[in-house]
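Secondary and tertiary structure notes
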Amino acid sequence: MNEKTTPVTGAASDAHADYVLGSSDLEHRRLMLQARILRPSTDRFLRLGGLRPGMSVLDLGSGMGDVSMLAAGIVGPRGRVVGIDRDPVTTGKARRRARGEGFDGSLEFEVADLDDFDTGERFDAVVGRYVLLYQKDPAATLRRFARLLRPGGIMVFHEFDFVVPNPTFPPCPLWDDSYRLLTDVYEAIGTPPDFGRRLNRAFLDAGLPSPTVECQGPVAAGEKSPLFPWLAYSLRVLEPALAKTGLSLPAGLVCDDTLPDQLEKAVVEQGSQVLGALQYGAWTRVP
Ligand SMILES: C[S@@+](CC[C@H](N)C(=O)[O-])C[C@H]1O[C@@H](n2cnc3c(N)ncnc32)[C@H](O)[C@@H]1O
């Protein structure tokens, strides 16, 4: 995929009021790009958390299906993965991608809101990436889904923390100011931009044992890093939310298909090294 030249549509297509990134074609591309960046961290968290061949897994907020497919690869054909997401368009795309990748009956996707989902089935693992922060009461979500685990089952969650005060060195103000907008807009709409650091508290509030927590961070040094299109796409899908909350891009940046190149040029000209969002993995085993 050429991240730089394909024209994209940034407008959100539906009414997912509390999922601020919406459900546009661009958001779907952004999720897939983001998944490529995050795959090594998520893979590590899932395996350290105890995911093993033959397990049954529930993936909360499965989006374009990347975590479900990653989990399905780990649990193998004797295992089973169910991804749930309330967005039917995204879920349809996830199903098609999974078929295209050769996954069969061992991986399914269901359209459901986490608040309404229920099943008589019990799972060996409940997992999720970038989903707890969007819930009104993340601890309640954890508590509800812990009930769907078999005794000794595991919960593994991967969440971010955008709040990195000085992400570039040498400082690249255009990147820093653009990146800070992610924190500003999340704070303005009441979605915690630092949810990764709240994982221990959320697990405890859910009545779960303190999780093991690990933190990592993607870094860009030099040209062609996927962090450039990632920030550009993120800002583009957030454009309506930025406008609504009175925030705007730094002067000099144009919010169009060239945004990844504009950000990359500014960073590379300074010879800056860029720290992306911190990635937290948290996992625990229920009694
Ligand atoms: C940032 S995306 C992450 C997708 C996927 N986990 C990944 O990491 O690639 C968050 C997803 O969670 C879904 N979501 C958020 N809140 C939800 C809820 N209450 N019920 C079902 N899906 C939800 C959204 O529709 C979106 O697809």
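Residues numbered from 1 in each chain as written. Predicted model: local features only at pLDDT ≥ 70, side-chain atom pairs only at ≥ 80, totals over all residues. Heavy atoms only, no water.

So, about the site of the ligand. Around the ligand, a shell composed of 15 residues is seen, among which Y19, G61, D85, L114 and R129 lie nearest. Within the side chain of D113, a nitrogen or oxygen atom sits 3.2 Å from a nitrogen atom of the ligand. At 2.9 Å, a backbone N or O of L114 approaches a nitrogen atom of the ligand. Of all the cavities here, the one that holds the ligand is the largest cavity. Class assignment for the residues of the shell around the ligand results in seven nonpolar, four polar and four charged. (Near = heavy atom within 4 Å. Polar contact = N/O pair within 3.5 Å; in protein donor to acceptor, adjacent residues only side chain to side chain. 1 Å grid on protein atoms, 1.4 Å probe; cavity = no way out; pocket = protein on both sides within 12 Å on 5 of 7 lines; lining within 4 Å. Sits in = over half its atoms within 2 Å of the grid points. Nonpolar A, V, L, I, M, F, W, Y, C, P; charged D, E, K, R; others polar.)

Moving on, we get to the state of the cysteines. For the coordinates displayed, the defined rule picks out zero disulfides. Looking at C255, it has no disulfide partner, and the nearest cysteine sulfur is the one in C172, 17 Å off. (Disulfide = S-S within 2.5 Å.)

Let us now look at the confidence of the model for the protein. This prediction gives the protein a mean pLDDT of 93; 94% of its residues lie at or above 70. Note that pLDDT drops below 50 for residues 1-17; the model gives that stretch 37 contacts with residues more than four away or on any other chain. (pLDDT = per-residue confidence, 0-100. Contact = heavy atoms within 4.5 Å.)

Quick look at the packing of aromatic side chains now. As enumerated under the stated definition, the model contains 12 aromatic pairs in all. With a centroid separation of 6.2 Å and an interplanar angle of 55°, the aromatic rings of Y134 and Y186 are classed as tilted. Residue Y134 is found in the loop between β4 (123-129) and α4 (138-146), and its partner Y186 is found in helix α5 (residues 173-189); the two are separated by 52 residues along the sequence. Judged by its relative accessible area of 9%, Y134 is buried. Taking the relative accessible area as the measure of exposure, Y186 reaches 2% and is therefore buried. Consider the rings of F162 and Y186, whose centres lie 5.4 Å apart with planes at 90°: the pair is edge-to-face. You can see F162 sitting in the loop between β5 (149-161) and β6 (168-169) and its partner Y186 sitting in helix α5, a full 24 residues away along the chain. The residues F162 and Y186 share a single accessibility class, namely buried. (Phe/Tyr/Trp six-rings, centres within 6.5 Å; stacked < 30°, edge-to-face > 60°. Helix = DSSP H or I, 4+ residues; strand = E, 2+ residues; numbered from the N terminus. Buried < 20%, exposed > 50% of the residue type's maximum accessible area, 1.4 Å probe, protein only.)

In terms of burial, strand β2 (residues 80-85) is largely enclosed, as five of its six residues are buried. Following the backbone out of strand β1 (residues 56-60), through helix α2 (residues 66-75) and into the adjacent parallel β2, one traces a crossover that is right-handed. The sheet contact formed by β2 and strand β3 (residues 107-111) spans five bridges and is parallel. Of the residues in β3, the one forming a bridge with G83 is F109. Handedness of the crossover joining β2 and β3 through helix α3 (residues 88-100) is recorded here as right-handed. (Right-handed = clockwise from strand over helix to strand, strands pointing away. Pairing = 2+ DSSP bridges.)

So, on to helix α9 (residues 259-270). For an α-helix, the turn length of 3.6 residues means that residues three or four places apart are oriented alike. With 12 residues, α9 extends 17 Å from end C-alpha to end C-alpha; this agrees with the ideal 16 Å at 1.5 Å per step. For α9, the full list of buried residues reads L259, P260, Q262, L263, E264, A266 and V267. Tucked into the core, α9 has its buried residues touching α5, α7 (227-237) and β9 (273-275). Residue G271 follows α9 closely and has a positive phi angle near 65°. (Expected span 1.5 Å × (residues − 1).)

Going through the model one piece at a time under the given rule, you end up with three cavities of 30 Å³ or more. Surrounding the largest cavity, 37 residues form its lining, Y19, G61, G63, D85 and Y130 being those nearest its centre. Taken together, the elements giving at least two residues each to the lining of the largest cavity come down to α1 (25-49), β1, α2, α5 and α7. Counting residues per element, the lining of the largest cavity draws most heavily on α1, which supplies five residues. Class assignment of the residues belonging to the lining of the largest cavity gives a composition of 17 nonpolar, 11 polar and nine charged. Quantified by volume, the second largest cavity comes out at close to 60 Å³. Along the walls of the second largest cavity sit Q34, I37, L38, Y130, P218, L227, W230, G276, A277 and Q279, which together make up its complete lining. Broken down by secondary-structure element, the contributors of at least two residues to the lining of the second largest cavity are α1 and α7. The dominant element in the lining of the second largest cavity, judged by the number of residues it contributes, is α1, at three residues. Its residues assigned to classes, the lining of the second largest cavity comprises seven nonpolar, three polar and no charged. (Points joined across faces, edges and corners; volume = space filled by probe spheres on them.)

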